[in-house]
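Listed below, chain by chain, are the residues.
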Amino acid sequence: MLVLARKKGQVIKLGPDITITVLDVRGDTVRLGIDAPRSLPVHRLEVYTEIERANQEAAQSTIPLEGLAAFKLPKQ
């Protein structure tokens, strides 16, 4: 793990496309601004963990798929 000390207004670059800026520091809370391509999902750890849990649960679903062939999407 890389550990960095940054002050308000200072920046961290992750490759050419990702910039993390320290916006504010108040006590033990740090506000960060993250500039990344829209194609790259950026989540807090607790949100990411919940998404992963939901995906795992969906992948293990036992819903029968026999009738799925009859399902048609509406025309656009």
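Residues numbered from 1 in each chain as written. Predicted model: local features only at pLDDT ≥ 70, side-chain atom pairs only at ≥ 80, totals over all residues. Heavy atoms only, no water.

Trainee: Where do I start with the sheet that holds strand S2 (residues 18-26) in this structure?
Mentor: Sheet strands associate in pairs through backbone hydrogen bonding, adopting either a parallel or an antiparallel arrangement. The sheet built from three strands is open, its strands ordered S1-S2-S3 with antiparallel pairing. Of all the strands in the sheet, the pair left with one neighbour each is strand S1 (11-14) and strand S3 (29-35). When strand polarity is set aside, the average angle formed by the axes of neighbouring strands in this sheet is 25 degrees. Pairing geometry for S1 and S2, over four bridges, is antiparallel. Residue pairing in the sheet places Leu14 in a bridge with Ile18 of S2. (Pairing = 2+ DSSP bridges. Helix = DSSP H or I, 4+ residues; strand = E, 2+ residues; numbered from the N terminus. Axes fitted to C-alpha atoms, helices over the stretch in contact; angles between N-to-C directions.)

Trainee: Got a minute to help me understand the side chain of Thr19 in this structure?
Mentor: Looking at where Thr19 falls in the secondary structure, it is placed in strand S2. In terms of polar contacts, Thr19 uses its side chain to reach the side chain of Lys13, at 3.1 Å. Those residues in contact with Thr19, other than ones at most four positions away along the chain, are Val11, Ile12, Lys13, Gly33, Ile34 and Asp35. (Polar contact = N/O pair within 3.5 Å; in protein donor to acceptor, adjacent residues only side chain to side chain. Contact = heavy atoms within 4.5 Å.)

Trainee: Please explain the pairing of S2 as it appears in this structure.
Mentor: One face of the sheet, then the other: side chains in a regular strand alternate in exactly this way. Bridge count for S2 against S3 is seven bridges, and the pairing is antiparallel. Its bridge partner lying in S3, Val22 is registered against Leu32. Where S2 folds back onto S3 in an antiparallel hairpin, the turn is made up of two residues, including Gly27, whose phi is positive at roughly 60 degrees.

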